[in-house]
Amino acid sequence: MELGNLVREARTVEDWIVELRRTIHRKPELMYEEVETSALVRKVLDELGISYEAGIAETGVVATLGDSNGPCVALRADMDALPIHEEADVDFRSEIPGKMHACGHDCHTAMLLGAARMLKSREHEIQGTVKLVFQPAEEGGAGGKRMREHGILRSPQVQRIFGLHVWPLADSGEIASRVGTFLAAASKLSIRIEGKGGHAAMPHLAVDPVVASAKVISDLQSIVSRETDPLSSLVISITSIHGGEAHNVIPEEVTMRGTIRTLTSAHMAEAQSRVREVAERIASANRCRAEVEYPGEDYPPTVNDAECWRLAGDIWKGAYGTESVNESPPIMGGEDFAFYTEEVPGCFVGLGIRNPDQGCTFSVHHPKFKVDESVLPTGSAMHVAFALRSLAELRAGAPGGA
Ligand SMILES: [Zn+2]
Ligand SMILES: [Zn+2]
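Residues numbered from 1 in each chain as written. Chains lettered and ligands numbered in written order. Predicted model: local features only at pLDDT ≥ 70, side-chain atom pairs only at ≥ 80, totals over all residues.

Undergrad: Account for the sheet that holds strand E1 (residues 51–56), naming residues and giving values.
TA: Across the sheet, which stays open at both edges, the eight strands sit in the order E1-E2-E4-E3-E5-E16-E6-E15 with mixed pairing between neighbours. In the strand order of this sheet, the two ends are held by E1 and strand E15 (325–327), each with one partner. The sheet shows a mean angle of 25° between the axes of neighbouring strands, taken without regard to direction. Two strands pair when backbone bridges link them, and strand E3 (residues 72–78) and strand E4 (residues 129–135) are joined in this way by seven bridges, in the parallel orientation. Each residue of the ladder has a partner; that of Val73, found in E4, is Val130. Docked against the sheet, helix H4 (residues 105–121) engages strand E2 (60–66), E3, E4 and strand E5 (160–171), running at close to 145° with respect to E3. Docked against the sheet, helix H5 (residues 143–150) engages E1, E2, E3 and E4, running at close to 135° with respect to E4. (Pairing = 2+ DSSP bridges. Helix = DSSP H or I, 4+ residues; strand = E, 2+ residues; numbered from the N terminus. Axes fitted to C-alpha atoms, helices over the stretch in contact; angles between N-to-C directions. Contact = placed C-beta atoms within 7 Å.)

Structure (structure tokens):
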């Protein structure tokens with residue numbers, strides 16, 4: 001089935017897909033709190049007569065279609081929103097102050113429900129199994145890891161998995177991704193610098209954690225600029241710093257938070273170890289004590305399988321031409337789709353939604369982030385194409401087959 005035909009079919013249910021997206025958009029829910037979103041997913045699946053397992057990793061849902069006789073392909077959407085107050089120019093703006101679907105996971109969920117509807121209408125043609133994965137907590141909660149640990153990639157064993165992310169770096173009508181590492185490994189970082197508080201006018205009687213913290217922050221950047229191969233990628237960002245309350249008091253301690261990004265897990269382990277060492281020693285040279293913590297939920301790099309990205313490109317080119325497939329450089333953003341591709345071959349694909357005519361130019365995680373909704377049916381069609389074409393290839397003995 002050609003993508004062009006599937007897109008035409010998806011356009012006949014475009015209003016339904018867009019309405020689902022807007023319903024989810026109005027009621028954003030943060031990680032592991034996707035109660036209403038999950039209930040909506042289950043309601044739609046019930047209406048479509050698709051069976052599913054719910055309550056996985058709190059709010060996750062996995063639906064299953066097909067004759068369960070043959071290969072198995074999974075399609076994934078995430079459901080969580082962000083703690084951002086929406087300022088986008090749309091009339092279906094978030095109704096919950098301080099929460100917003102600023103990463104487009106509302107679109108992902110609606111597109112996968114669109115695919116569910118299209119796949120159900122041709123279920124008799126599906127030789128094999130299609131799993132539809134609706135997961136919680138992509139934004140830092142490692143929901144994908146918990147879904148995987150629950151065993152959603154097994155029984156039947158998933159042979160390929162695909163995920164679509166609305167992508168403001170590409171224009172509507174384009175896709176972007178690459179073979180190999182597409183998105184970075186990500187680690188949260190917390191540092192506490194402990195000194196000795198005192199009067200700001202008598203610093204010699206105190207041990208100042210503020211000055212020590214300033215030195216730690218600036219020296220951490222030397223790990224990037226002086227210790228890392230310039231052709232290798234490392235980001236260390238301190239994103240939060242807090243210490244003290246008054247003009248004239250040297251505080252007892254300073255706390256900092258941040259993130260580390262690398263393109264390989266080995267480089268991440270090295271960077272974490274050097275960050276700890278540098279923070280501890282700089283603090284100690286300044287008579288302070290540093291405690292460095294990696295609070296967990298680290299994401300591995302998202303590594304795309306060559307065959308899966310080739311298939312995505314082939315499908316897309318068939319409808320939109322060679323120029324519409326962007327070979328992207330790796331991006332230092334993280335994505336918990338990585339937990340799936342650690343175990344099975346797959347591909348994470350950026351679905352272009354940039355459209356300056358509609359004001360869709362802001363990046364994800366921006367309070368004015370806005371999506372070109374005309375792309376949503378295309379996303380549903382692409383999911384269907386991923387599933388049907390992969391099942392056909394796997395039945396014919398393509399790599400990734402049993
Ligand atoms: Zn995000
Ligand atoms: Zn996202």
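Still more ground to cover, so stick around.
Undergrad: An account of the sheet that holds strand E13 (residues 289–293) is needed here, citing residue identities and associated values.
TA: As summarised here, the arrangement of the four strands in space is E10-E12-E8-E13, forming an open sheet in which the pairing is antiparallel. For this open sheet the edge positions go to strand E10 (234–242) and E13, each flanked by a neighbour on one side alone. For this sheet, the mean inter-axis angle between neighbouring strands, taken without regard to orientation, is 20°. Of the pairings in the sheet, the one linking E10 to strand E12 (residues 253–262) comprises eight bridges and is antiparallel in character. Opposite Ile236, over in E12, you have Ile260 as the bridge partner. Packed on one face of the sheet, helix H6 (residues 209–227) meets strand E8 (185–194), E10, E12 and E13 and runs near 165° to E10.

Undergrad: Break down the environment of Pro356 for me, with residues and values.
TA: Along the chain, Pro356 turns up in the loop between strand E16 (346–354) and helix H10 (376–395). Given 9 C-beta atoms within 10 Å, Pro356 falls into the exposed group. Separated by 184 residues in sequence, Pro356 and Ser172 place their C-alpha atoms 9.9 Å apart. (Buried ≥ 20, exposed ≤ 12 C-beta atoms within 10 Å, placed from the backbone.)

Undergrad: Tell me what's going on with the pairing of E12, and back it up with residues and numbers.
TA: In the sheet, E8 pairs with E12 via ten bridges, with the strands oriented antiparallel. Counted as the bridge partner of Glu194 is Glu253 from E12.

Undergrad: Which residues make up H6, and what values do they have?
TA: Relative to the 27 Å expected for 19 residues at 1.5 Å per residue, H6 spans 26 Å between its end C-alpha atoms, a close match to the ideal helical length. Within H6, burial applies to Pro209, Ala212, Ser213, Val216 and Leu220. Contacts from the buried residues of H6 go to E8, E10, E12, helix H7 (265–285) and E13. (Expected span 1.5 Å × (residues − 1).)

Undergrad: So what's going on with the domain arrangement of the chain? Residues and values would help.
TA: Domain assignment breaks the chain into domain 1 (3–182 + 301–395) and domain 2 (185–293). When each unit is reduced to the centre of its C-alpha atoms, the spacing between domain 1 and domain 2 is 37 Å. Contacts between the two partners involve five residues from domain 1, matched on the other side by eight residues from domain 2. Across the side of domain 1 that touches domain 2, the residue classes tally to three nonpolar, two polar and no charged. (Domains from an automatic or database assignment. Nonpolar A, V, L, I, M, F, W, Y, C, P; charged D, E, K, R; others polar.)

Undergrad: Can you lay out the packing of helix H3 (residues 35–48) against H4 for me, pointing to particular residues and giving the numbers?
TA: The interhelical angle for the contact between H3 and H4, taken along N-to-C directions, is 10°, at an axis separation of 10 Å. Accordingly, the angle class assigned to the pair H3 and H4 is roughly parallel. Judged by residue contacts, Thr37, Val41, Val44, Leu45 and Leu48 of H3 engage Thr109, Leu113, Ala116, Arg117 and Lys120 from H4. (Parallel < 35°, antiparallel > 145°, perpendicular 65-115°, else oblique.)

Undergrad: Talk me through unusual backbone geometry; I want residue IDs and the actual numbers.
TA: Cis geometry is found at the peptide bond from Ser155 to Pro156, where omega equals -5°. Tracing the backbone through its elements, the reader meets Pro156 in the loop between H5 and E5. With a phi close to 65°, Arg287 is a non-glycine residue in the positive phi region. Inspection of the secondary structure puts Arg287 in the loop between H7 and E13. On the neighbour-count criterion, Arg287 (13 C-beta atoms within 10 Å) is partly exposed. Of note, Glu297 is a non-glycine position whose phi angle comes to about 60°, a positive value. Counting through the fold element by element, Glu297 comes out in the loop between E13 and strand E14 (302–304).

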